[in-house]
Amino acid sequence: MSRVNAAARVADAVRGRVSVQRRARIARQRVALRRPTAGLRALPDFLVIGTMRGGSSSLFRWLCAHPDVARPLRKEIEYFNVHHDRGEGWYRQHFPLRARGALGRARHHPLQTFEATPCYLFHPEVPRRAAALLPDARLVALLRDPVERAYSHYRHMRQLGFEKLSFPEAVAAEESRLAPELEHMRQDPGYFSRIHARFSYVSRGRYAEQLERWLAHYPRSQLLVVESRDLYTSPAECLTGITRFLGLSDWLPEEFRNYSRPHTEVTRPMGDPGLQRELYAAFEEPDRRLAEVWGHVPSWRDGG
């Protein structure tokens, strides 16, 4: 890589991190302004719980445009994984006033609100916390080919400047990176691990164990599992299935704009076909368990 290209990548990473920090600062200010009305605000009717790099940004934007949905202050509130110690009042500050829902009751479908934090699926403490506050919430989980997802996740961490290792090095280091963090999380359930969140490339693709944690706290009837691929290859059919599951009226946007761009990354080769084969082999047993838990063979296994 030339020095010019390297410098450009560093500059892009810095700009990206500054932009993220700026948006976070503005979001904090907006949340603070809502503190006096926290008790008057709704809790979410449904959650989009994952997966990270699985298309949740597109689904969030499409659902926010639905006439039966009152959008939250922002997409990823991260209450149940990062900010749980701030309390229910802080969480409510991100949602619309309950009066907006009451206005919707004069219609055939009342207004609903939601949030979409894709790290919820993976975090071991989130299902218990969510069920304690939102026992009747419906859950939508997007699942992406775990090998594609892992590489997309890695590229995202590189772009943000968090990851310094090559992809093969990061995969090899994952277990040793995460093991002490997982132990810390077990010892202290309130501990939030940035290492666990950032460098869990392969671990996040073991979907069966993640779904099982949620099903230990929610009935199966409240969980809808959708393949990310279907969100883009059959968006109208996929979104209709999701809105009906959520009890929303049938509605489709004028265009299915891709706000997530995960599938454009598939055209970028991993650059290591040997590692790619190793990863698919490593996911063979987790994918078999996923088919048992979900009741469907994922398309990346059946060739569908």
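Remember, it's a predicted structure, so these values are computed and weren't measured experimentally. (Residues numbered from 1 in each chain as written. Predicted model: local features only at pLDDT ≥ 70, side-chain atom pairs only at ≥ 80, totals over all residues. Heavy atoms only, no water.)

A. Broad picture of the sheet that holds strand β2 (residues 114-116). Taken together, the 4 strands give an open sheet; going across it, the order is β2-β1-β3-β4, and neighbouring strands pair in parallel fashion. In this open sheet, the two edge strands, each paired with only one partner strand, are β2 and β4 (223-227). On average, each strand axis in the sheet is inclined to that of its neighbour by 15°, with strand direction left out of account. Bridge count for strand β1 (residues 46-50) against strand β3 (residues 138-143) is 4 bridges, and the pairing is parallel. Looking at the pairing, V48 lines up with V140 of β3. Together, β1, β3 and β4 form the strand contacts of helix α9 (residues 207-215), whose direction differs from that of β3 by roughly 180°. (Pairing = 2+ DSSP bridges. Helix = DSSP H or I, 4+ residues; strand = E, 2+ residues; numbered from the N terminus. Axes fitted to C-alpha atoms, helices over the stretch in contact; angles between N-to-C directions. Contact = heavy atoms within 4.5 Å.)

B. Seen up close, the pattern of salt bridges. Applying the stated criterion across every chain yields a total of 12 salt bridges. Across the pair E212 and R289 runs a salt bridge whose closest N-O atoms are separated by 2.5 Å. With E212 in helix α9 and R289 in helix α13 (residues 284-294), the pair connects residues that are 77 residues apart, well separated along the chain. On the basis of relative accessibility, which here comes to 35%, the residue E212 falls in the partly exposed class. R289 sits in the partly exposed class, given a relative accessible area of 27%. Close ionic contact of R244 with D250 constitutes a salt bridge, the shortest N to O distance being 2.8 Å. We classify R244 as exposed; its relative accessible area is 54%. Among the ionic contacts, a cluster of salt bridges with common partners joins E285, R288 and E292. (Salt bridge = Lys/Arg side-chain N within 4 Å of Asp/Glu carboxyl O. Buried < 20%, exposed > 50% of the residue type's maximum accessible area, 1.4 Å probe, protein only.)

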